[in-house]
Amino acid sequence: SYYHTIWENRTVSSINTTADEITYLRGIDSIYSGFEIEGAYQPNKWVRFDLAASIADWTYTADVSSEVNNISTGAVLPSSGTIYVKDLKVGDAPQTQFAYAVTVFPTRGLSVKLQGRSYARYWSDYNAETRTSSADRGQPWQIPSYSIYDLHVTYHLPLDSSNYDISIFGHIFNLTDEVYVSDASDNSRFEAISSAPSHSAQRAEAFLGLPISYNLGVKVKF
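Residues numbered from 1 in each chain as written. Predicted model: local features only at pLDDT ≥ 70, side-chain atom pairs only at ≥ 80, totals over all residues. Heavy atoms only, no water.

Take unusual backbone geometry next. Backbone geometry at Asp87 places phi at a positive 75°, although glycine is not the residue there. Among the secondary structure elements, Asp87 is positioned in the loop between strand S5 (81–83) and strand S6 (93–107). Overall, the relative accessible area of 48% leaves Asp87 in the partly exposed class. One non-glycine residue, Asn187, lies in the positive phi region at around 45°. (Helix = DSSP H or I, 4+ residues; strand = E, 2+ residues; numbered from the N terminus. Buried < 20%, exposed > 50% of the residue type's maximum accessible area, 1.4 Å probe, protein only.)

Laid out in structure tokens, this is it:
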């Protein structure tokens, strides 16, 4: 499938209770477009292949006006002006995603699935209100691409009963113990190295993904 969505003239607001201010961003225009595909192929009873992919382009298409008001009085404050976001990528979600898996069925009741997920073109989240300089047109920090692999094993016990079913399962998440950034905020106020270049890794607040983990269990249906 292919989608092409145009969002025009949106308004968003944010409140700063400490400063007693509310900010309105008006005239936000953006385009969301991309391809998505999902499929599966099972050539025989022993193996199955799955694939899903999403390749997108999400971009702001125009600068927007910013109006800052005092909450108590409603007065327009001098910090009002223009927010320069034209051609910036929408952050906080990977714009290229792949999911793929191969499942084998070596014997009756047993399935073993190796599943992978890959993420790329992932721009960190950022506060549009900080883009008040026409000279600052740099894209937010782009999170490094990464791939995660999980292993899933399920075995249905061969019980001769129609009253209940017992299965044993096990999962290994992040099988290769990959170290990766799962989320980040651009030019963070809290964790950034202020002397580093703007929109760089040193100015980002990064959150690492979960390391390798295990899960074992038994499921009973009756």
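Next comes the rest of the account.
So, on to the pairing of strand S9 (residues 146–156). Pairing analysis gives 10 bridges linking strand S7 (residues 110–123) to S9, with the strands arranged antiparallel. The residue bridging Arg117 from the neighbouring strand is Ile148, located in S9. Judged from the 6 bridges that link them, S9 and strand S10 (residues 165–173) form a sheet pairing that is antiparallel. Of the residues in S10, the one forming a bridge with His156 is Ser167. (Pairing = 2+ DSSP bridges.)

Looking now at the environment of Phe98. Mapping Phe98 onto the fold places it in strand S6. The spatial distance from the C-alpha of Phe98 to the C-alpha of Ile37 is 9.6 Å, given a sequence separation of 61 residues. Residues in contact with Phe98, not counting those within four places in the same chain, are Ala52, Ala53, Ile55, Gly116, Arg117 and Ser118. (Contact = heavy atoms within 4.5 Å.)

The subject of this paragraph is the packing of aromatic side chains. Following the criterion strictly, the structure yields 6 aromatic pairs and no others. When the centroid spacing of 4.9 Å and the interplanar angle of 45° are considered together, the rings of Tyr2 and Phe35 count as tilted. Of this pair, Tyr2 sits in strand S1 (residues 2–16) while Phe35 sits in strand S2 (residues 21–44), placing them 33 residues apart in sequence. One aromatic cluster is present, formed by Trp7, Tyr32 and Trp58 through successive ring pairs. Here Arg131 stacks its cationic end above the ring of Tyr126, 5.6 Å away from the centre of that ring. (Phe/Tyr/Trp six-rings, centres within 6.5 Å; stacked < 30°, edge-to-face > 60°. Lys NZ or Arg CZ within 6 Å of the ring centre and 35° of its normal.)

This next bit is on the layout of surface pockets. There is about 710 Å³ of room inside the largest pocket. In this structure, the largest pocket is lined by 27 residues; those nearest its centre are Tyr126, Asn127, Glu129, Thr130 and Arg189. Listed by contribution, the elements that provide at least two residues to the lining of the largest pocket are S1, S2, strand S4 (64–70) and S5. Classifying every residue of the lining of the largest pocket by side-chain character gives 5 nonpolar, 14 polar and 8 charged. Each pocket or cavity is described by its volume, and for the second largest pocket that value is around 220 Å³. Forming the boundary of the second largest pocket are 14 residues, of which Leu25, Tyr60, Tyr126, Asn127 and Ala128 lie nearest the centre. Only S1 and S2 provide two or more residues apiece to the lining of the second largest pocket. (1 Å grid on protein atoms, 1.4 Å probe; cavity = no way out; pocket = protein on both sides within 12 Å on 5 of 7 lines; lining within 4 Å. Points joined across faces, edges and corners; volume = space filled by probe spheres on them. Nonpolar A, V, L, I, M, F, W, Y, C, P; charged D, E, K, R; others polar.)

Here the focus is the nonpolar core. If you look at the biggest cluster of nonpolar residues, it comprises 12 residues: Leu25, Ile28, Tyr32, Ala56, Trp58, Tyr60, Val64, Ile83, Val85, Leu88, Val90 and Tyr126. Breaking this core down by element, the ones donating at least two residues are S2 and strand S3 (47–60). By size, the runner-up hydrophobic cluster in this structure holds 10 residues, among which are Ile143, Tyr146, Ile148 and Ala204. (Core = buried A, V, L, I, M, F, W, Y, C linked by side-chain atoms within 4.5 Å.)

Here Ser118 shows up in strand S7. Apart from the residues lying within four places of it in its own chain, the contact partners of Ser118 are Thr96, Gln97, Phe98, Tyr100, Tyr146 and Ser147. Among the polar contacts listed, one links the side chain of Ser118 to the side chain of Ser147, at a separation of 2.7 Å. (Polar contact = N/O pair within 3.5 Å; in protein donor to acceptor, adjacent residues only side chain to side chain.)

Here we take up the side chain of Lys89. Along the chain, Lys89 turns up in the loop between S5 and S6. The class for Lys89 is buried, based on a relative accessible area of 16%. Apart from residues no more than four positions distant in its own chain, Lys89 is found in contact with Asp57, Trp58, Thr59, Tyr60, Gln95, Trp123, Tyr126, Gln139 and Pro140.

These results come straight from atomic positions and should not be treated as a statement about function.
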